[in-house]
Each structure stands twice: as C-alpha cells, then as structure tokens.
Amino acid sequence: MNERIRSPQVRLVGADGEQIGVVTTQEALQRAREADLDLVEVAPQANPPVCRIMDYGKFKYERDIRQKEARKKQSRTELKEIKFRPKIDAHDYGTKKGHVERFLRGGHKVKVTIMFRGREMTHTELGRKILDRLVGDLGEMVTVESMPKQEGRNMIMVISPNKRYMEQLARTKALEPVLQLEPELESEPEPELESEPEPELASEPEPEAVTTAAAPEPDEG
C-alpha cells in the first residue's frame, strides 16, 4: 500500500472503478494523494501489478464486518421442533425420526415434544419410552442436552448433534469414492475364466443309445 509498493509501474484502477491503464507508481501515488485516498495493490501477481485508489480504512472496516457476519452465519444453529403422540404408529415414528436425523446432520438442535391429550396424561411413561427409543435409535450421532421433563401436557427433551461423530461421518463420506473403487480394483478381470472352454459341454460324447438302435437284427439262420 502507498509507498510500500515496489514495482516501478502499475496498472491503475480509479476510485470509481475506472480503468486508467499502466502508469508509473509515482503518478499513481500522486493521483491517490490528490483524492485524499490510498493506493492499494490488489493483484500483486499481475504484470504489472494492479493497484486501486481507495479509502483503505473504510475498505478494511467493511471487509471485517462482512467476515464477521459470515462467521456468524456459519456458526448459527437453530432449534428445530418435532412433535410426537404417545401412541404414534411405526410408520409415523420412522418418518419423524428421519426428520430429526436430517436436522441433526444440518448441525441443528432438536426439541422433541410428546403431546398428551385427555386420559393420556395418566400414562406419561409411554412418552418417556418414545424418547428413550428415539435416543437409542439415533445412537452415537446424538447428545441429550436436556433430559425429558414434563411441562403441562407436554413432555420435552432437547438433543443436539454429537460433533465428534458428525466429523468422523463427514470424513468417512469423503472417502467413500476411494473405498468403493478398491474392491473393483481387487476383483479386476480374471482372463482365464473368460477364455477357458467348458470341457463338460464341449467334449460330451453323443449318447451310445443312438448307435445301438441302428445295429442289425440277430442272424435268423
């Protein structure tokens, strides 16, 4: 930036994006000073290097803000919610479990709610069984953040993805193409099987019964 630019010539871009062209570094610096701005090298690998006239302090501030927002978006997790009934059938359970897995793989926490109605409140143990079953089915991919607790007519549990397991799963998935290729290479063609004749079929003799049937009758005399 500014006097630290060592190249004798630069390809200059104005503050408004105008392509000024190749000028001496001194001329580029003079233009930047007249505009009360900075001369910043934006493409040092070019020949000559590309420099732009800009307010470097403002540019750096806006860049830092953008990077901060990007980091926030990357680390932001949402709390998803899935609701079960205590007498849920097997098909609905499987569907909802699939939704929970999808949320966990997306890095989100999941609030699992068991909704009781009427007399179902006298059998809250059914809801606890569903939550225990769900945790058991999800296995290593899940961590229980908040143990099941009763809130009015609902039983609630909060689970989150097991980061270590998810990282291992991602690494395994990345290696899948290589792992799938290895058996193919090991079982590569066995030419002797393809070119070898089948002796049983090729050398099988004609049945002797055909020859016997054509033999002459016994001598009558």
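Calculation rules
- Positions within a chain are numbered from 1, following the residues in the order the chain's sequence is written.
- With pLDDT at 70 or above as the cut-off, local features in this predicted model cover only qualifying residues; side-chain atom pairs require 80 or more to be listed or tallied, and sums for whole chains, interfaces and linings still use all residues.
- Based on all heavy atoms of the structure, the side-chain values leave hydrogens and waters out of the count.
- Under the DSSP-based scheme used, a helix requires at least four consecutive residues in state H or I and a strand at least two consecutive residues in state E, with every element numbered from the N terminus.
- Burial status follows relative accessibility: with a 1.4 Å probe on protein chains alone, a residue under 20% of its type maximum counts as buried, one over 50% as exposed, and anything between as partly exposed.
- Here, two residues are considered to be in contact whenever any of their heavy atoms come within 4.5 Å of each other.
- Throughout, the Shrake-Rupley method with a 1.4 Å probe supplies accessible areas, and for residues the shown protein chains are the sole cover considered.
- Two strands are counted as paired when DSSP detects at least two bridges linking them.
- Convention adopted: a line fitted to C-alpha atoms gives each axis, helices being fitted over their contacting stretch, and angles between N-to-C directions are expressed from 0 to 180 degrees.
- Any two rings among Phe, Tyr and Trp, with Trp reduced to its six-membered ring, count as a pair given centres within 6.5 Å; such a pair is stacked if its planes are under 30 degrees apart, edge-to-face if over 60, and tilted if neither.
- Charge-over-ring placement is defined geometrically: NZ (Lys) or CZ (Arg) within 6 Å of the ring centre, and within 35 degrees of the ring normal.
- Criterion for a salt bridge: a side-chain nitrogen of Lys or Arg within 4 Å of a carboxyl oxygen of Asp or Glu.
- Only buried residues count toward a nonpolar core, which is a set of Ala, Val, Leu, Ile, Met, Phe, Trp, Tyr and Cys residues joined through side-chain atoms within 4.5 Å.

When helices and strands are counted, the chain shows eight helices and eight strands. Within the chain, the fraction of its 221 residues that count as buried is 24%. Put simply, 55% of the contacts in the chain that link residues at least 6 apart link residues at least 24 apart. In the structure as shown, the chain presents an accessible area of about 16,500 Å², 50% of it carried by carbon and sulfur atoms.

With that settled, the discussion passes to the sheet that holds strand β4 (residues 50-54). Read from one edge of the open sheet, four strands run β2-β1-β4-β3, paired in mixed fashion. With one partner strand each, in any of the chains shown, β2 (19-24) and β3 (38-43) form the two edges of the open sheet. Between one strand and the next, the sheet's axes are offset by a mean angle of 35°, whatever the strand orientation. Bridging between β3 and β4 involves five bridges; their strand directions are antiparallel. Across the sheet, Val40 pairs through a bridge with Arg52, a residue of β4. Across the sheet, helix α1 (residues 25-34) lies against β1 (9-13), β2, β3 and β4, angled at about 125° from β2, the strand it touches most.

Taken as a whole and assessed by the stated rule, the structure comprises two aromatic pairs. Between Tyr56 and Phe59, the ring centres sit 6.1 Å apart and the planes meet at 40°, which makes this aromatic pair tilted. Of this pair, Tyr56 and Phe59 both sit in helix α2 (residues 56-75), separated by three residues, roughly a single helical turn. With relative accessibility at 24%, the residue Tyr56 sits in the partly exposed group. Taking the ring centre of Tyr93 as reference, the NZ or CZ of Arg133 above it sits at 3.7 Å.

Another aspect to go through is the pattern of salt bridges. Throughout the structure, instances matching the rule amount to 10 salt bridges. Put simply, Lys60 and Asp64 hold a salt bridge, and the shortest N to O gap is 3.6 Å. In this pair, Lys60 and Asp64 both sit in helix α2, four residues apart, roughly one turn of the helix. Note on Asp64: relative accessible area 30%, which makes it partly exposed. Across the salt bridge formed by Lys109 and Glu145, the nearest N and O atoms sit 3.2 Å from each other. Residue Lys109 is located in strand β6 (residues 109-115), and its partner Glu145 is located in strand β7 (residues 142-151); the two are separated by 36 residues in the primary sequence. Given the relative accessible area of 46%, Glu145 is considered partly exposed. Via salt bridges that share partners, Lys60, Arg63 and Asp64 belong to a single interconnected network.

A few words on the environment of Tyr165. For Tyr165, the position within the fold is in helix α5 (residues 163-186). Residue Tyr165 is classed as partly exposed on the basis of its relative accessible area of 27%. Along the primary structure Tyr165 and Glu140 are separated by 25 residues, whereas in three dimensions their C-alpha atoms are 6.6 Å apart. In this structure, Tyr165 is in contact with Glu140 and Met141, ignoring residues within four places of it in sequence.

Our focus in this paragraph is the nonpolar core. When a protein is soluble and globular, its nonpolar side chains tend to lie buried together. With 21 residues, the main nonpolar core has Phe84, Leu104, Val110, Val112, Leu138 and Ile159 as its most contacted residues. Among the secondary structure elements, those contributing two or more residues to this core are β5 (79-84), α3 (90-105), β6, α4 (124-138) and β8 (154-161). Discounting residues that sit within four places of it in the chain, Val112 has contacts with Ile82, Phe84, Leu131, Leu134, Met155, Ile156, Met157 and Ile159. Residues Val10, Ala32, Leu39 and Cys51 belong to the second largest nonpolar core, which totals 10 residues.

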